[in-house]
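Chain and residue survey
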Amino acid sequence: MLDHNPSYTELLTSFPPRPIKSEEDLEKTQTVIDNLLDKGELTESEEDYLNLLGILIHEYEQQQDLVPDIYGVELIKVLMAELNLKQKDLVTIFKTESIVSDILNGKRKLTVEHIQKLAEFFKVSPAVFFPENPSERDFLEVA
């Protein structure tokens, strides 16, 4: 990167901004951003250039599927881990610890009543327990 206070044109010439299409492009762009941020106080040209590079990174990240669709039992496990809960903490929802165990181990499926109680317990919408893709709804037991 340039050592003096470069003009906007010099910044564009030193590392021409282009759409990010790979992890390698992302790393190169992030390195330029890090170097600018390490500099400390930025000129108006550097701030504008930094903003442009940030937009390119944001656009790339929006195109990536960074967050998998977690629902059903997997979501329950994530929520339990985040809140440091044990199986016995869910007995109020499932009535017995053996049912909790069977659900978490995939031996039993969730019911609509379970999902309603889980939503209340975790203070979330019941919708978060369903997959984004409706064809994956085989985890639910319909009574």
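Note that the structure is a prediction, hence the values are computed from the model and not measured.

**Considerations on the packing of aromatic side chains**
Geometry of an aromatic ring pair is reported as the spacing of the ring centres plus the angle between the planes. Under the counting rule described, the total for this entry stands at 1 aromatic pair. Between Phe121 and Phe122 the ring centres are 5.0 Å apart and the planes differ by 90 degrees, which places this aromatic pair in the edge-to-face class. On the basis of relative accessible area, Phe121 is assigned to the partly exposed category, the value being 32%. When its relative accessible area of 9% is taken as the criterion, Phe122 is described as buried.

**Some points on the environment of Lys86**
Inspection of the secondary structure puts Lys86 in the loop between α4 (72-82) and α5 (91-94). Taking the C-alpha atoms as reference, Lys86 lies 10.0 Å from Val100; in sequence the two are 14 residues apart.

**Comments concerning the pattern of salt bridges**
Using the criterion set out here, one finds 5 salt bridges in the structure. Residue Glu74 is joined to Lys77 by a salt bridge in which the shortest nitrogen-to-oxygen separation is 3.9 Å. With a gap of 3 residues between them, Glu74 and Lys77 both fall in helix α4, about one helical turn apart. Measuring nitrogen to oxygen at the nearest pair gives 3.0 Å for the salt bridge that ties Lys117 to Glu113. Linking Lys117 with Glu113, this pair stays in helix α7 (residues 112-122), spanning 4 residues, or about one helical turn. Of the residues examined, Lys117 reaches a relative accessible area of 27% and is grouped as partly exposed. One salt-bridge network, held together by shared partners, links Lys95, Glu113 and Lys117.

**Quick notes on the packing of helix α2 (residues 23-39) against helix α3 (residues 44-63)**
Packing of α2 against α3 leaves a shortest axis separation of 10 Å and a crossing angle of 150 degrees. Overall, the two elements α2 and α3 adopt an arrangement that is roughly antiparallel. Here α2 runs over α3; the crossing is left-handed. Between α2, through Glu23, Leu26, Thr29, Gln30, Val32, Ile33, Leu36, Leu37 and Lys39, and α3, the contact on the second element is made entirely by Glu46, Tyr49, Leu50, Leu53, Gly54, Ile57 and Tyr60. Tallied by class, the residues present in the contact of α2 with α3 amount to 10 nonpolar, 3 polar and 3 charged.

**Notes on unusual backbone geometry**
Residue Asn84 is not a glycine yet carries a positive backbone phi of 55 degrees. Position of Asn84 among the secondary structure elements: in the loop between α4 and α5. You will see that Lys123, though not glycine, has its phi angle at about 55 degrees, which is positive. Tracing the chain through its elements places Lys123 in the segment after α7. Accessibility expressed as a relative area gives 73% for Lys123, which makes it exposed.

The rules behind the values
- Residues numbered from 1 in each chain as written.
- Predicted model: local features only at pLDDT ≥ 70, side-chain atom pairs only at ≥ 80, totals over all residues.
- Heavy atoms only, no water.
- Phe/Tyr/Trp six-rings, centres within 6.5 Å; stacked < 30°, edge-to-face > 60°.
- Buried < 20%, exposed > 50% of the residue type's maximum accessible area, 1.4 Å probe, protein only.
- Helix = DSSP H or I, 4+ residues; strand = E, 2+ residues; numbered from the N terminus.
- Salt bridge = Lys/Arg side-chain N within 4 Å of Asp/Glu carboxyl O.
- Axes fitted to C-alpha atoms, helices over the stretch in contact; angles between N-to-C directions.
- Parallel < 35°, antiparallel > 145°, perpendicular 65-115°, else oblique.
- Left-handed = near helix turned anticlockwise from the far one by under 90°.
- Contact = heavy atoms within 4.5 Å.
- Nonpolar A, V, L, I, M, F, W, Y, C, P; charged D, E, K, R; others polar.

Don't take any of this as a statement about function, it's just geometry.
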